[in-house]
Amino acid sequence: MQELLPQAYLIGLIVLLGAAAVLVGRQILRVRKDEQALARLSSAGPGGATPNDSVGLYELASVQLRKRLYGQAVDNLKLALRKAQAEKAPDEARALIENAYGFALAAESKFPEAIRHYRSALQIKPDYPVALNNLAYALGKLGEPQEARDAYARVLDLEPANSTARKGIKTMERRVGDPTKAAPKGKEVPSAASGKRGGKGINKGG
């Protein structure tokens, strides 16, 4: 039996290393794909300029968000929204741009501005769980736990199994029950939330 332990350990180590290699490989491919897309989209317009239509600008901003180039993404989404309005783009497209615009602003901790764009997205598309989750997250950051809780509740009405809303509503209910846990308006609550698309509970996608 003792002779088998080193073999079992070695097999386990090989499995772990293999899994790590797969994860690293996927991350490298994802980064490379984003870099290629960024290079392609940055010169997709006439004469190698930035795209000049709402779809191209949105795609470019989406890549910039994944690479955390938030300032550039804000500029392109602002322009994409203007183009979408001028092009009379479908409601679905305008809602996606508004939500992404809000996400980019929230990633820079500009929560009041982000909330305006999340609300605009929801005016266009009321049954938009991603925008509702993002709105709730931003409201929580501004010390509005009751409004944030209500937004998460609306998500659960649409998607009862939505894990982001389930976690968020529990957090907001604790804050509502204990006013000292609510953040002062206009000030960000220190949080471990970070990363992709602006942190847990905040999501760019459609």
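Procedures and definitions
- Residues numbered from 1 in each chain as written.
- Predicted model: local features only at pLDDT ≥ 70, side-chain atom pairs only at ≥ 80, totals over all residues.
- Heavy atoms only, no water.
- Axes fitted to C-alpha atoms, helices over the stretch in contact; angles between N-to-C directions.
- Helix = DSSP H or I, 4+ residues; strand = E, 2+ residues; numbered from the N terminus.
- Parallel < 35°, antiparallel > 145°, perpendicular 65-115°, else oblique.
- Left-handed = near helix turned anticlockwise from the far one by under 90°.
- Contact = heavy atoms within 4.5 Å.
- Nonpolar A, V, L, I, M, F, W, Y, C, P; charged D, E, K, R; others polar.
- Phe/Tyr/Trp six-rings, centres within 6.5 Å; stacked < 30°, edge-to-face > 60°.
- Lys NZ or Arg CZ within 6 Å of the ring centre and 35° of its normal.
- Core = buried A, V, L, I, M, F, W, Y, C linked by side-chain atoms within 4.5 Å.
- Buried < 20%, exposed > 50% of the residue type's maximum accessible area, 1.4 Å probe, protein only.
- pLDDT = per-residue confidence, 0-100.

(A) Structural view of the packing of helix α2 (residues 54-66) against helix α3 (residues 70-87). Two elements in contact, α2 and α3, have axes whose closest approach is 8 Å; the angle formed by their N-to-C orientations is 160°. In terms of orientation, α2 and α3 fall into the roughly antiparallel class. The crossing of α2 and α3 is left-handed. From α2, S54, L57, Y58, L60, A61, Q64 and L65 reach across to α3, where they touch Y70, Q72, A73, N76, L77, L79, A80, K83, A84 and E87. Residue classes in the contact of α2 with α3 are distributed as 11 nonpolar, 4 polar and 2 charged.

(B) Main features of the packing of aromatic side chains. Scanning the model with the defined rule gives 0 aromatic pairs in all. Positioned over the ring face of Y128 is K125, at 4.7 Å from the centre of the ring.

(C) Summary view of the nonpolar core. Membership of the largest hydrophobic core comes to 45 residues, with the highest contact counts inside it found for L65, L77, I97, Y118, Y128 and Y152. At the level of elements, α2, α3, α4 (91-107), α5 (111-124), α6 (129-141), α7 (145-158) and α8 (163-177) are the ones that each hand at least two residues to this core. Once you skip the residues sitting within four places of it in the chain, Y152 turns out to touch N133, A136, Y137, T164, A165, G168, I169 and M172.

(D) Here's a closer look at the confidence of the model for the protein. Mean pLDDT for the protein: 78, with 62% of residues reaching 70 or above. Between the elements of the protein, mean pLDDT differs from a low of 53, seen in helix α1 (residues 4-42), to a high of 98, seen in α5. With pLDDT under 50 throughout, residues 22-34 is counted as low confidence; its partners more than four residues away or in other chains account for 3 contacts. When the criterion is pLDDT under 50, residues 184-201 qualifies, and its contacts beyond four places in sequence or with other chains add up to 36 contacts.

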